[in-house]
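Structural overview
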Amino acid sequence: MHAEILIVGGGPAGLMAAIYLARFRRRAVVVDSGASRAALIPRSHNLPGFPNGLPGGELLKRMQQQVEELDVPIIRSTVNVLEKCDGGIIAAHERGTLTAQRVILATGIVDRQTPLADWTGAVRAGELRYCPVCDGFETIGRKIAIVGEIGHAAGKALFMRVYSSDVALIPVGDARDDVRRRELAAAGVRVTPPLHALQRRDGEIEASFVDGGSERFEIVYPAMGADVRSELAIALGARHTADGFLEVDAKQRCGVDALYGIGDVVTDLHQIAVAFGHAAVAACHAHHSLPMRYADASDAGRR
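Residues numbered from 1 in each chain as written. Predicted model: local features only at pLDDT ≥ 70, side-chain atom pairs only at ≥ 80, totals over all residues. Heavy atoms only, no water.

**Focus: the side chain of E127**
Test applied: Counting from the N terminus, the helices are DSSP H or I runs at least four residues long and the strands are E runs at least two residues long. Using a 1.4 Å probe on the protein chains alone, a residue whose accessible area is under 20% of its type maximum counts as buried, one over 50% counts as exposed, and one in between counts as partly exposed.
Among the secondary structure elements, E127 is positioned in the loop between α3 (119–124) and α4 (132–135). Given the relative accessible area of 6%, E127 is considered buried.

Right, dumping it as structure tokens:
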């Protein structure tokens, strides 16, 4: 199978790129494994035009419908290897191979989880949340915990003090960090004993500590880091941070000819609105980097 532009990943970033490219009349193909992080969002309240919020799954459903109506194929598969070839890139996926002149990587990240058995149920119920920028406003006045290594979790805990006077940081791993502890104390953030276990109880999450104590919280935010799905690009020599996030230029190029990075896989603010912007920039540049395909008489009357 051949495409002018292959999009790897069918989350908000990848689908937005597909919409742009289809409207540029490019032969685009999406290969998606069905593991978009956006599908876990119970309801996003910072998408413009949706004052009552919109579930992540509903956003994906609407965007997929839009892409399909534009006749862009969505292949349900996982790309395992990308290789350079004359004139573009070959993608090997679970259902075959595909060649493309340009590839837009929108593979995202996978959040590392806390030791909570039913974490997906907690996410659906709004007890476990991941993005303070997205939904901190909805937590005003609630009892909140941030779980993670102090050096990594402190920034998120301080951010959440904007929304609540009752914020605790539950350390995981090394709990020594005197500088951060003083900063947290000055802002009114409690640091509990280190975490032993988490479990759901009566609409809340109960944290058990290594000293034998426990405490319940209305909302818990993990600050455990994430695994970046950037290995396909890195194997081709793409620029990246120590954590694996792709480093891109103003056109979303990551240092490999014909390869772009967009969305959460890029070292940037991990927001749907930002992913949309990445997608628009990459799609426009990819379109203009290829020879133009001009309309002919067969297009008369088409819309």
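**Remarks on the state of the cysteines**
What counts here: Any two cysteine sulfur atoms within 2.5 Å of one another count as a disulfide.
In this structure the tally under the stated criterion is one disulfide. Shown here is the disulfide that connects C131 with C134, its sulfur atoms set 2.2 Å apart. Taking the torsion about the S-S bond as the criterion, the C131 to C134 disulfide, at about 70°, is right-handed. Residue C131 is classed as buried on the basis of its relative accessible area of 15%. Among the residues examined, C134 registers a relative accessible area of 26% and is labelled partly exposed.

**Section: the sheet that holds strand β13 (residues 214–217)**
Strands in a sheet are paired, the pairing made by backbone hydrogen bonds, and the direction either parallel or antiparallel. This is how the line gets drawn: By this definition, two strands are paired if DSSP reports at least two bridges between them. For helices, the axis comes from a line fit to the C-alpha atoms of the stretch in contact; other axes are also lines fit to C-alpha atoms, and the angle between any two N-to-C directions lies between 0 and 180 degrees.
Strand order in this open sheet of three strands is β11-β12-β13, and the pairing throughout is antiparallel. Unpaired on one side and paired on the other, β11 (195–201) and β13 mark the two borders of the sheet. Here the average twist between neighbouring strands, direction ignored, is 25°. When strand β12 (residues 204–209) meets β13, the two strands line up antiparallel, connected through four bridges. Note that in β13 the partner of S208 across the bridge is S214.

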